[in-house]
Amino acid sequence: MKPMPGIDIAICTFNRLGYLQSCVSTILPQLLGDHIGLMIVDNNSTDGTAAWASALADDHPGVTYIHVKEQGISHARNGAWKASKRKWILYLDDECRVSEGWIKYVWNLVVEDPDLDAIGSAYVAQTHGEVMSEAELEAFSYALPYTTRTLLQDRYVHGSPLMIRTQVLQALGGFDIRLGMRGYRMGYSEEIELQDRMRKNGYTIAYDPGLWVYHLVRPEKRSIGWTLRSEYMRRRYMRAYDPLPVRKASVALAATMAGRLYWIPVFGVRCLTKKDFSGRHFILAVCGPVMYRLGDLIGSIMTYSTKK
């Protein structure tokens, strides 16, 4: 069946009702008639999400509630496009907030440039009132260096906001269910892998800076442990579909560890003499690159072992 003109905004969520409610509150007043819909995709939440979202859907014709039983963000995203009847689906994280006039901008974007296959944008980090350092703000935000809508040849847009034609997702089979978050289990790379397949099949991907959103940073993400684990898991999941030769990954890990040992005295001096270089910066500067390379190695070993 040919999809109807319009956009479904899909918020995939798991046990983050407060974030979901905040996100929806910025979207709901902006919904534009029959051509923009809001889909809340519940991936087995146990925090009251189902009751709240179901009631919201009953009260608002433009809102749809979907429950996806198979755990994982890729399952949830696939459930969204399979349920959608519109031409486009726009994925948003439940931690996102949009500015006034955002949906009108989204609609004008697809009207002005109807031949694109996928469009992404930037996000700006926010907290619940806590002050972030410039380094944290930069680390938790994302943007590409373009001031106008630009076709991307080799760069990637992140998974939120990410707008894709539903027919493209149907043709490619959607997101790889091996990748991405699964409940509380950390995982990544599902949108990167999809964009690689899109390019191989001749589809276009654009970046539009005007589509940007706010992205709330959950408190646990600001911890050292979460940051290092995230660094490791991002690379491990990337190597699930793009493995490195194990020897090459091993050499890179050994070289990185040697380099970090060399830099420890330098980082130590900075920690003692510079106010803007704390113990946190010291640990991340020493351990971050090692976790990055370790993810490359372990991910490649696991992938080659599975293929055998």
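Before reading further, recall that the structure is shown in the block above.
What you see is a predicted model; the values in this text were computed from it and never measured. (Residues numbered from 1 in each chain as written. Predicted model: local features only at pLDDT ≥ 70, side-chain atom pairs only at ≥ 80, totals over all residues. Heavy atoms only, no water.)

**Some details on the overall build of the protein**
Then step 1. Scanning the protein for helices and strands turns up ten helices and eleven strands.
Then step 2. Whereas a compact globule of 308 residues would reach a radius of gyration of roughly 19 Å, the protein reaches 21 Å, a difference of no more than 12%.
Then step 3. Dimensions along the principal axes, computed over C-alpha positions, put the protein at roughly 60 × 50 × 40 Å.
Then step 4. Every one of the 308 residues in the protein was classed for burial, and the buried ones make up 48%.
Then step 5. Restricting to contacts in the protein with at least 6 residues of sequence separation, those with at least 24 account for 81%.
Then step 6. If you sum the accessible surface of the protein, you get close to 15300 Å²; carbon and sulfur atoms cover 57% of it.
Then step 7. Charge-centre separation for the protein: the mean point of 37 positive side chains lies 8 Å from the mean point of 31 negative side chains. (Helix = DSSP H or I, 4+ residues; strand = E, 2+ residues; numbered from the N terminus. Rg over C-alpha atoms; globule rule 2.2 N^0.38 Å. Buried < 20%, exposed > 50% of the residue type's maximum accessible area, 1.4 Å probe, protein only. Contact = heavy atoms within 4.5 Å. Areas by Shrake-Rupley, 256 points an atom, 1.4 Å probe, with all protein chains shown as cover. Lys, Arg positive; Asp, Glu negative; His and termini not counted. Charge placed at Lys NZ, Arg CZ, Asp CG, Glu CD.)

**Notes on the pairing of strand E9 (residues 162-165)**
In regular strands, side chains alternate between the two faces of the sheet.
Then step 1. On E9, burial covers both faces: Leu162 and Ile164 on one face and Met163 and Arg165 on the other are all buried.
Then step 2. Bridge analysis of strand E4 (residues 86-93) against E9 gives four bridges, and the strand direction is antiparallel. Pairing of Leu90 across the sheet is with Met163, part of E9.
Then step 3. Sheet topology places strand E6 (residues 118-120) next to E9; three bridges connect them, and they run antiparallel. In the strand pairing of E9, Gly120 is matched with Leu162. (Pairing = 2+ DSSP bridges.)

**Brief notes about the nonpolar core**
Then step 1. Among the nonpolar cores identified, the biggest contains 60 residues, and Ile9, Ile27, Tyr91, Leu92, Trp102 and Met163 are the most heavily contacted of them.
Then step 2. If near-sequence neighbours (up to four positions away) are discounted, Ile9 is found in contact with Ile27, Ile36, Gly37, Leu38, Met39, Leu90, Leu92, Trp102 and Ile103.
Then step 3. One finds Phe140, Tyr188, Val217 and Tyr237 within the second-largest nonpolar core, a separate group that totals eleven residues. (Core = buried A, V, L, I, M, F, W, Y, C linked by side-chain atoms within 4.5 Å.)

**Brief notes about the sheet that holds strand E11 (residues 213-216)**
In sheet architecture, strand pairing relies on hydrogen bonds along the backbone and comes in two forms, parallel and antiparallel.
Then step 1. Judged by pairing direction, the sheet is mixed, and its three strands sit side by side in the order E5-E11-E7 without closing on themselves. The two strands at the open ends of the sheet, each matched to only one other strand, are strand E5 (96-97) and strand E7 (123-126).
Then step 2. Bridge analysis of E7 against E11 gives four bridges, and the strand direction is parallel. Within E11, the position partnered with Val124 by the bridge is Tyr214.

**Focus: the packing of aromatic side chains**
Then step 1. Scanning the entire structure with this criterion turns up eight aromatic pairs.
Then step 2. Both rings, one in Tyr91 and one in Phe175, keep their centres 5.5 Å apart while their planes meet at 85°; by these two values the pair is edge-to-face. Of this pair, Tyr91 sits in strand E4 while Phe175 sits in the loop between helix H6 (166-172) and helix H7 (190-200), and the two are 84 residues apart along the sequence.
Then step 3. Note on Phe175: relative accessible area 2%, which makes it buried.
Then step 4. Relative to Trp263, the ring of Tyr262 lies with its centre 6.1 Å away and its plane at 85°, an arrangement referred to as edge-to-face. (Phe/Tyr/Trp six-rings, centres within 6.5 Å; stacked < 30°, edge-to-face > 60°.)

**Concerning the sheet that holds E9**
Then step 1. Strands sit in the order E3-E2-E1-E4-E9-E6-E10-E8 across an open sheet of eight strands; the sheet is mixed. Across the chains shown, the open sheet's two edge strands, defined by having one partner strand only, are strand E3 (63-67) and strand E8 (150-151).
Then step 2. Most of the contacts of H7 go to strand E10 (residues 205-207), to which it runs at about 125°, and overall it touches E6, E9 and E10. (Axes fitted to C-alpha atoms, helices over the stretch in contact; angles between N-to-C directions.)

**Section: the packing of helix H8 (residues 224-238) against helix H10 (residues 279-307)**
Then step 1. Taken N-terminus to C-terminus, the directions of H8 and H10 make an angle of 30°; their axes are 7 Å apart at the nearest point. The pairing of H8 with H10 is recorded here as roughly parallel in orientation. Judged by the twist between their axes, the crossing of H8 over H10 is right-handed.
Then step 2. Broken down by class, the residue content of the contact of H8 with H10 amounts to eleven nonpolar, four polar and five charged. (Parallel < 35°, antiparallel > 145°, perpendicular 65-115°, else oblique. Left-handed = near helix turned anticlockwise from the far one by under 90°. Nonpolar A, V, L, I, M, F, W, Y, C, P; charged D, E, K, R; others polar.)

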